[in-house]
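One letter stands for each residue in the lines below.
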Amino acid sequence: MKPCFNVSTAIPGPRSGSCSVFLVAALAVFFLPSAVQARDNIHIVGSSTVYPFTTVVAEEFGKTTGFSAPIVESTGTGGGIKLLCGGVGESFPDMANASRAIKESELKLCADNGVKDVTEIKIGYDGIIIANSKEKELYDLSKQQIFSALAKQVPGKDGKLVNNPYKMWSEIDPALPAVKIEVYGPPTTSGTRDAFVELVMEKACAGEEAFKAAWPEEEMRKKNCHLMREDGHYIESGENDNLIVQKLRSNPQAFGIFGYSFLEQNLDTLNGNLVDGVEPTFEAIADGSYPVARPLFIYAKNKHVDFAPGIREFLKELVSDKAAGMDGYLAVKGLIPLPEEELQEMQKRVSDAFSVKK
Amino acid sequence: MFSFAGRRAKIAIRRMQKNKNPFIFSRGKTPAQKWMVRRKKREKWFRRCGLASILISLMFLGGLILSVIGNGYTAFTRVQILLPVEFSADIIDPEGTRTVAALSGADYRKLIRNSLAKLFPEAETRREQMDLHALISKGAYYKIRRMVMEDPSLIGQSHDLWLPAASNVDLFIKRHSMSSDAGLGNYKINAMQYAWLKQLIEGKRLRKVFNTTFFTSGDSQEPEQAGILSSITGSLLTILVCIFCAFPMGVATALYLEEFARENWFTDLIEININNLAAVPSIIYGLLGLSVYINIMGMPRSSALVGGLVLALLVLPVIVIATRNALRAVPPSIRYAALAMGATPVQVAVHHTFIYALPGIMTGFILSIARALGETSPLLMIGMVAFVTDVPRSLVDPSTTLPVQIYLWTNNPETGFVENTAAAIMVLLVVLVCINVLAGWVRRRFEIKW
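It should be emphasised that the depicted structure is a prediction, and the values quoted were computed from it without experimental measurement.

So, how was this worked out
- Residues numbered from 1 in each chain as written.
- Chains lettered and ligands numbered in written order.
- Predicted model: local features only at pLDDT ≥ 70, side-chain atom pairs only at ≥ 80, totals over all residues.
- Heavy atoms only, no water.
- Helix = DSSP H or I, 4+ residues; strand = E, 2+ residues; numbered from the N terminus.
- Contact = heavy atoms within 4.5 Å.
- Disulfide = S-S within 2.5 Å.
- 1 Å grid on protein atoms, 1.4 Å probe; cavity = no way out; pocket = protein on both sides within 12 Å on 5 of 7 lines; lining within 4 Å.
- Points joined across faces, edges and corners; volume = space filled by probe spheres on them.
- Nonpolar A, V, L, I, M, F, W, Y, C, P; charged D, E, K, R; others polar.
- Axes fitted to C-alpha atoms, helices over the stretch in contact; angles between N-to-C directions.
- Parallel < 35°, antiparallel > 145°, perpendicular 65-115°, else oblique.
- Left-handed = near helix turned anticlockwise from the far one by under 90°.
- Buried < 20%, exposed > 50% of the residue type's maximum accessible area, 1.4 Å probe, protein only.
- Pairing = 2+ DSSP bridges.
- Expected span 1.5 Å × (residues − 1).
- Phe/Tyr/Trp six-rings, centres within 6.5 Å; stacked < 30°, edge-to-face > 60°.
- Lys NZ or Arg CZ within 6 Å of the ring centre and 35° of its normal.
- Domains from an automatic or database assignment.
- Buried area = accessible area lost by both parts, 1.4 Å probe.
- Salt bridge = Lys/Arg side-chain N within 4 Å of Asp/Glu carboxyl O.
- Polar contact = N/O pair within 3.5 Å; in protein donor to acceptor, adjacent residues only side chain to side chain.

## Regarding the environment of Ser235(B)
Residue and element names in this part refer to chain B.
Then comes step 1: If you trace the backbone, Ser235 turns up in helix H11 (residues 229-260).
Then comes step 2: Sequence separation between Ser235 and Met299 is 64 residues; the distance between their C-alpha atoms is 18 Å.
Then comes step 3: When residues no more than four places from it in sequence are discounted, the contact partners of Ser235 are Leu373, Thr400, Thr401, Leu402 and Pro403.

## A word on the state of the cysteines
All names here are of chain B.
Then comes step 1: All chains considered together, the criterion is met by 2 disulfides over all chains.
Then comes step 2: Cys245 carries a free sulfur, and the closest cysteine sulfur to it, the one in Cys242, is 7.6 Å from it.
Then comes step 3: Here Cys434 stays free of any disulfide, with the sulfur of Cys242 as its closest cysteine sulfur at 19 Å.

## Focus on empty space enclosed by the protein
Then comes step 1: According to the stated counting rule, one finds 6 cavities of 30 Å³ or more in the structure shown.
Then comes step 2: Its boundaries defined by the atoms lining it, the largest cavity holds a volume of some 120 Å³.
Then comes step 3: Lining the largest cavity we find Val56(A), Glu59(A), Glu60(A), Tyr329(A), Lys333(A), Arg109(B), Lys138(B), Gly139(B), Tyr142(B) and Glu222(B).
Then comes step 4: Examining the composition of the lining of the largest cavity, we find that 3 residues originate from one element, helix H3 (residues 51-64) of chain A, more than from any other.
Then comes step 5: A breakdown of the residues in the lining of the largest cavity according to their chemical character gives 3 nonpolar, 1 polar and 6 charged.
Then comes step 6: There is about 90 Å³ of room inside the second largest cavity.
Then comes step 7: The wall of the second largest cavity is formed by 13 residues, among which Asn41(A), Asp390(B), Arg393(B), Asp397(B) and Pro398(B) lie closest to the centre.
Then comes step 8: Each residue belonging to the lining of the second largest cavity can be placed in one class, and the counts come to 6 nonpolar, 3 polar and 4 charged.

## Comments concerning the packing of H3(A) against helix H14 (residues 311-318) of chain A
All names here are of chain A.
Then comes step 1: In contact at an axis separation of 10 Å, H3 and H14 are set at 120° when each is read in the N-to-C sense. In this view, H3 runs oblique relative to H14, as classed from their interaxial angle. As H3 runs across H14, the sense of the crossing is right-handed. Counting all contacts with H3, which are made through Thr54, Val57, Ala58, Glu60 and Phe61, the residues of H14 involved are Glu313, Phe314, Glu317 and Leu318.
Then comes step 2: Across the contact of H3 with H14, the residue classes break down as 5 nonpolar, 1 polar and 3 charged.

## Topic: the pairing of strand S4 (residues 118-133) of chain A
Residues and elements named next belong to chain A.
Then comes step 1: In terms of burial, S4 is largely enclosed, as 14 of its 16 residues are buried.
Then comes step 2: As judged from the 9 bridges shared by S4 and strand S13 (residues 293-301), these two strands associate in the antiparallel manner. Directly across from Glu120, in S13, lies its bridge partner Tyr299.
Then comes step 3: Relative to strand S10 (residues 255-259), S4 runs antiparallel, the two being bridged by 5 bridges. Looking at S10, one finds that Ile130 is bridged to Ile257.
Then comes step 4: Of the strand pairs in this sheet, S4 and strand S11 (residues 270-272) are connected by 3 bridges, and their pairing is antiparallel. When the sheet's bridge partners are listed, Ala131 is paired in S11 with Gly272.

## Concerning H11(B)
An α-helix turns once every 3.6 residues. As a result, residues three or four positions apart point the same way.
Then comes step 1: Here H11(B) is 32 residues long and its end C-alpha atoms lie 45 Å apart, about the 46 Å a rise of 1.5 Å per residue gives.
Then comes step 2: Counting buried positions along H11(B) yields 23 of 32 residues, so the element is predominantly enclosed.

## Observations regarding the packing of aromatic side chains
The way to describe two aromatic rings as a pair is by their centre distance and the angle between their planes.
Then comes step 1: Overall, the coordinates contain 21 aromatic pairs over all chains when judged by the stated rule.
Then comes step 2: Each ring, one from Phe258(A) and one from Phe262(A), has its centre 6.4 Å from the other, and the planes form 65°; the classification is edge-to-face. For the residue pair Phe258(A) and Phe262(A), the accessibility class agrees, reading buried in each case.
Then comes step 3: Ring geometry for Tyr141(B) versus Tyr142(B): centroids 4.8 Å apart, planes at 40°, classification tilted.
Then comes step 4: Every member of this aromatic cluster is reached through a ring pair, and the members are Phe76(B), Phe210(B), Phe214(B), Phe215(B), Trp409(B) and Phe417(B).
Then comes step 5: Positioned above the aromatic ring of Phe446(B), the side-chain terminus of Arg445(B) is 5.1 Å from the ring centre.

## Some thoughts on the domain arrangement of chain B
Residues and elements named next belong to chain B.
Then comes step 1: Domain boundaries assigned for chain B yield domain 1 (78-209) and domain 2 (229-446).
Then comes step 2: Centre-to-centre, using C-alpha coordinates, domain 1 lies 46 Å away from domain 2.
Then comes step 3: Taken together, the contact pairs 7 residues of domain 1 with 4 residues of domain 2.
Then comes step 4: Approximately 340 Å² of surface area, both sides summed, lies buried where domain 1 meets domain 2, with 34% of it carried by carbon and sulfur atoms.
Then comes step 5: Linking domain 1 with domain 2 are 2 salt bridges, by the criterion used here.
Then comes step 6: For Glu419, the salt bridge identified is with Arg78, shortest N-O distance 3.0 Å.
Then comes step 7: Counting the contacts that link domain 1 with domain 2 gives 3 residue pairs in polar contact (both at pLDDT 80 or more).

Structure follows, in structure tokens:
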């Protein structure tokens, strides 16, 4: 039922133009932007772990050169590479941050969309830290202990796989404290999670006879080794690592899993626990003795040199000694720099792939 | 009956002897009275529950606002350090060419290092020098660079410059009493740096000023250099696009549906759809924007244009519904009178009904703009959640918005961003309060009571 008087049905008559002027204006605004101008910013997408480092370089690059500062989006590694591999052209990003190496399937996606030359640039390392509040003591955890605390399935007493029965740390090893297992960590979409399960869970699980017996094929075994428990002892905390830091402050019994740069910024309140007897210090991650460290990458499309100005110069800045070197400004932000030789190799790779061909 | 009155009298006398009011005495209550008491009690409970829920929500709101202000008020001041900077020609331009390339590529950090070393010669080892240099913001040299680029004749001169302090020094000076060296570790300041800072304060080389950087610069990875200008500009551009698309379309749709359209299955379908669209989660509009505007129409990613168009989709149903309600509130007598005077239906709708409904339309419109201003999730899909340092100058430049800026800052590890985040939230809240006050004012000032 309409409460209002319907005019058009009551009296037919000529209509004035003012209403259609409205409509035309609206449509014009809607379809106006078909004329899109060329891009003058470099466009970078990808991992939220690499984001703080790329943005520092972007800022420095924008402020000290004549080029405008690159735009950096934080989409996660997987999402970023998918965008990167969408195709070649102005509407696709030029580079993608990645907190793991590109996968076979992603390379295939790239090739299918005509993206042939993608240069992989390693910019440094990041340690994954198992932290707790400074109010509690520092622990030395082995990979095996971490696995027992966090895996979905563990070998039971009779050697067969059972759902993880451990509720307290002391049940795993009497030397550990008698507190509830509570670990805050990244969700499955995160590159940090991928690296963590690969470096800790998979390594610890590889030697277990029970897993070999239950999953004879390697693929399936790997998949099951990667599963984290879902009964409330491992708590997925979203991509925001600051949230985990806050949780650890308010709940000193809990542990948290996140990147080294967050530990470095919060050394006053957080402990970085030892893994296999090695403390997560800057030096230990740099020389590879801390076992839970992974390389960080930037993938750049060679052909995109023509689509946005300054790509060559930006990449040069990225791998320069001033940025990625031992005393560079990225190291100050918490990136663990590459060894001297590897950095030189990266510098050479950049100048080869993005040299001026004319 | 008599004995009853006699008992009353006895009770009254007894009460008088006890110095009490003789006319009040208790008597058994009738069932109706008991029922009344219970009803009143229930009513009182209901009112108390309502009051309690308001108080609880006020408490949460108060706690939220207090925590935001408590975290953020310090962001509006910044600590600066006065340094005697020598614009030495040997460092800036040793060859004396004075070309733009030479001036822009010079090592201005070294000027700051030299001046600090002159001020505190006791810092000798490399570690100590690094600690000393860490007192000044890493971005401080941009200021010197800009000065030299604008006026190359500065080279060779010496000037005292107020340079921004590093973020942890800034927080330390603002939050710490400085009377003792307790709790230095919380600010990542060591004993030596503490001594230097004391010396700076005694020498009047340290001051707190209003933080103009926060309002005049774009995003940065250094908390003391970061500002909200680029995100505010982005918000403004986005909202402009949104207004230009959503307002005419929404109002035209509502006018047509309310005043001209015949009632049939088609308009019913449209009506159901509009009501449904108003309740669709906003991320869906982001996905729509991604596939239609960016992938099909080829508009630039991360631009205010696409953002505004997506937000226009978001507020369109709300505007249509608000406009239709406002139009419905205009009494039919106005339409009859206009028609009787010989106006055409369109003239009736545009010159009379629409004008009288305008205050209601404006209120709904302003409130929907406030909603669009606070949105982040649809912008995630179209690439506006991005690190943007440059202030966008056109609709197609990459830009971000204020709520997105807040979200991005909460992700940063540096503690200095906590106060920046809170300060940006305060700015956003002030803007939203202003918009709501404006909506209330428009309603009260122009509302027509029939």
